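# Reading the structure
If you want the building blocks of each chain, they are given just below.
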Amino acid sequence: VLLSRVVMSSSSSSALETQIFQYIDVHQSDFIEDLKEWVAVESDSVQPALRKEVMRMMALAADRLAALGAAVSLVNLGSHQLPDGQELPLPPVILGELGKEPQNPTVCFYGHVDVQPAKKEDGWKTDPYTLTEADGNLYGRGATDNKGPVLAWINAVGTFRALKLAMPVNFKFVIEGMEEAGSLGLEKLLEEDSQCFFSDVDYIVISDNLWLSTEKPALTYGSRGNACFFVEVECGGKDLHSGTFGGIIHEPMTDLIALLDSLVDPTGRIQVPGIYDSVAALTEEEKKLYESIEFDLEEHKNNSGVKEFLYGTKEEILLHLWRYPSLSIHGIEGAFHEPGIKTVIPAKVIGKFSIRQVPHMDLSVVKQQVVEHLEGVFSKRNSPNKLKVSMPLGAKPWLADVNDPLYKAARKAINTGMFLLFFFFPVLHVSAIFGEDPDFIRDGSTVPVARMFQTITQKSVIMLPIGAADAGEHSQNEKISRHNYIEGTKVFAAFFLEISKLHRRLHKTSNMETNN
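- As named in an unreviewed UniProt entry, the protein chain is Beta-Ala-His dipeptidase, taken from Leptosomus discolor.

## Some words on the overall build of the protein chain
- Regarding its fold elements, the protein chain presents 14 helices and 20 strands.
- Whereas a compact globule of 516 residues would reach a radius of gyration of roughly 24 Å, the protein chain reaches 25 Å, a difference of no more than 12%.
- Overall size of the protein chain, expressed as C-alpha extent along the three principal axes, is 90 × 50 × 50 Å.
- Taking all 516 residues of the protein chain together, the buried fraction comes to 48%.
- Sequence separation of 24 or more characterises 79% of the internal contacts of the protein chain that already satisfy a separation of 6 or more.
- In the structure as shown, the protein chain presents an accessible area of about 24500 Å², 52% of it carried by carbon and sulfur atoms.
- The averaged location of the 68 negative side-chain charges in the protein chain is 2 Å from the averaged location of its 49 positive side-chain charges.

## A word on the pairing of strand β11 (residues 226–234)
- A large share of β11 lies buried, amounting to seven of its nine residues.
- Bridge count for β11 against strand β16 (residues 386–395) is eight bridges, and the pairing is antiparallel. Following the sheet pairing, E234 is matched in β16 by K386.
- Pairing analysis gives eight bridges linking β11 to strand β15 (residues 348–356), with the strands arranged antiparallel. Of the residues in β15, the one forming a bridge with F229 is F353.

## Some points on the sheet that holds β11
- In space, the four strands of this open sheet follow the order β13-β15-β11-β16, with antiparallel pairing throughout. This sheet does not close on itself; its edge strands, each paired only once, are β13 (326–333) and β16. Across this sheet, the average inter-strand angle for adjacent strands is 20°, counted without regard to direction.
- Against the sheet, helix α7 (residues 252–261) engages β11, β13, β15 and β16, with an angle of about 150° to β11.

## With respect to the pattern of salt bridges
- All told, the structure shown has 18 salt bridges when counted by the stated rule.
- For K216, the salt bridge identified is with D439, shortest N-O distance 3.0 Å. One end of the pair, K216, is in the loop between β9 (203–206) and β10 (218–223); the other, D439, is in strand β18 (residues 439–443), and 223 residues separate them in sequence.
- On the basis of relative accessible area, K216 is assigned to the buried category, the value being 12%.
- Accessibility expressed as a relative area gives 5% for D439, which makes it buried.
- With a closest N to O distance of 3.3 Å, E298 and K301 form a salt bridge. Taken together, the residues E298 and K301, both in helix α9 (residues 297–304) and three residues apart, mark about one turn of the helix.
- The buried category is assigned to K301, whose relative accessible area is 11%.
- Taken together, the shared-partner salt bridges in this structure form one network comprising E97, K100, K172 and D200.

## Examining the UniProt feature "site: Important for catalytic activity" (unreviewed entry) in the protein chain
- Residues annotated in UniProt with the feature "site: Important for catalytic activity" (unreviewed entry) correspond here to H241.
- Within the secondary structure, H241 sits in strand β12 (residues 240–241).
- Among residues more than four places away in sequence, those in contact with H241 are G246, T343 and I345.

Thresholds applied
- Residues numbered from 1 in each chain as written.
- Predicted model: local features only at pLDDT ≥ 70, side-chain atom pairs only at ≥ 80, totals over all residues.
- Heavy atoms only, no water.
- Helix = DSSP H or I, 4+ residues; strand = E, 2+ residues; numbered from the N terminus.
- Rg over C-alpha atoms; globule rule 2.2 N^0.38 Å.
- Buried < 20%, exposed > 50% of the residue type's maximum accessible area, 1.4 Å probe, protein only.
- Contact = heavy atoms within 4.5 Å.
- Areas by Shrake-Rupley, 256 points an atom, 1.4 Å probe, with all protein chains shown as cover.
- Lys, Arg positive; Asp, Glu negative; His and termini not counted.
- Charge placed at Lys NZ, Arg CZ, Asp CG, Glu CD.
- Pairing = 2+ DSSP bridges.
- Axes fitted to C-alpha atoms, helices over the stretch in contact; angles between N-to-C directions.
- Salt bridge = Lys/Arg side-chain N within 4 Å of Asp/Glu carboxyl O.
- UniProt positions renumbered as here; feature names shortened; annotations may be inferred.

Here's what the structure looks like:
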C-alpha cells in the first residue's frame, strides 16, 4: 500500500512536471525573444547619462509582472548626489505580489535589471546590447547578470498561468535597478517594509551568481564581503613637468606605488597586520566538504586566461576563493593612461583596492587596520605629501544553513523526476533537469543583498544560480547558454512545486507535535 501510494504520488507529480516542462520547451523561442528585448535596453546604472535607460528598463519589468496578474508598485527612492554635486533620480524599486492563498508558502524573488558598462570596443565580439545566439550561447550584457535569471523566474511563473494550473506558492517580487552601483536606497526600503511587505514571506530566493563548474549545477550558501578603499596622495594644486621638477620633489605617484606594494606579498597573502586574526580556523570536518566538490583547475584556468594560479590543488584554490580574505588592486585615478607618453608628474593620484572579507571579520576593524598600516608605511617615507585613506563602500559577508528547507527543495528541483524507493524495492529513475546532484558552494564575490535580506527580514535566503562558470558576468562577451536559460526556467518551476510540498509537510509535522 505504501509503495502504491508513493508511486501514484510520484506519477502524478511527474505528469505535472512533464506538462510544465513541455510548455517551456515549446515556448523557448518566445523566452529568448523576451531576453532579446530586455538586453537591448542599455540599463547601465553606473553611468549617469544612461539613467533614463535604467528607468525604461524598470518600466518594462513592471509591465511584465503586471501582465502575469501581479499587483505591482514602483516605490520611489528619491535621488542621490554625484561626486560633482549633481542630483540624479534613483530608479524605483519594483514590489510585486501574486497570490494570497493561506495554505501556500510565500516565496519572494529578488533580482536586478541594471547592468555593468559595456562597449563593443572593449573587446566584445558582438554588440553587447544585441542578444546574439552562437554555438548554443546567448551573448549580451545582462544575459546572465541578471536579466536572464529574472526572466527565467518570471517565465516559470507565467508557465503555470498559461497552463491554468493552481499556483503552488504565493509570489512576491523585489526587482531593483541600482545593484551594480551599490543598491542605493534598497536597504532603507527593506527596513521600512520588513513588517509589512515581508511579514508573510516564508522564503527568499536570489539568482544572481554562477555555478562553480561549466556543467555541474550548484547551490550557494555563502559569499565574501567587500571593503573598497581609496588611498589618495597629493602634493599640490597642479600637475608638474617632469623635466623641471623630476628628481627634486616627493612625487605622489612614487608614494602611492610604495603604499600599494605594501599591501600584499607575491604569494597573495595580505600584509596588513591583524587582518587574519578573526578568520575562523579550518576544521578537518569542514575541509572534507571541499573534497567532493567538482572543480576543474585547468578549466578554471582556461576560462580566466591566466597561465598559473597561486595554489596547485582544488582544495587550496577553493579555500582561498571562499573562506580566506583576499586583496586586489584595481587601478589608479589621476595617472596618465592614454596611448603614448605624457611626461607629467600628477599632482594627485588615488589608488583603488578592495579586501574581500569572510565571516567573523568586522568592517570597522578592517578599516582601522588598513588605515593604520598605510599611515605607518607612509610615515617611514618622510614625504611631505598629504595622505588620505577612505573606505567608500563596505559590504558584509553572508552565510546560510544548508539544512534549511530551501536548500532541500532546490536540490530536489535540480534533480526533478529522480526518485529512489528504499523499502526493499528496486531503484527507480526518471530523467532529471540538469542530470546530477548540485554542489554546495560558497561564492568568492560579494552579493550584499543576500545578507541584507537575511538580516533585515529574518527570513531564510538561498542563492539559486542558473548561469555556468564561464558566463562572463561583468566581462566582455557575457552570455548564458540556451540550455541553462531554458533548463533554469524548468528548475524554478520545479522548485515552486518542491518548496510547496516540503513546506506543507513541515507544517503538518509541526502541528502534530503541537497537538501531541
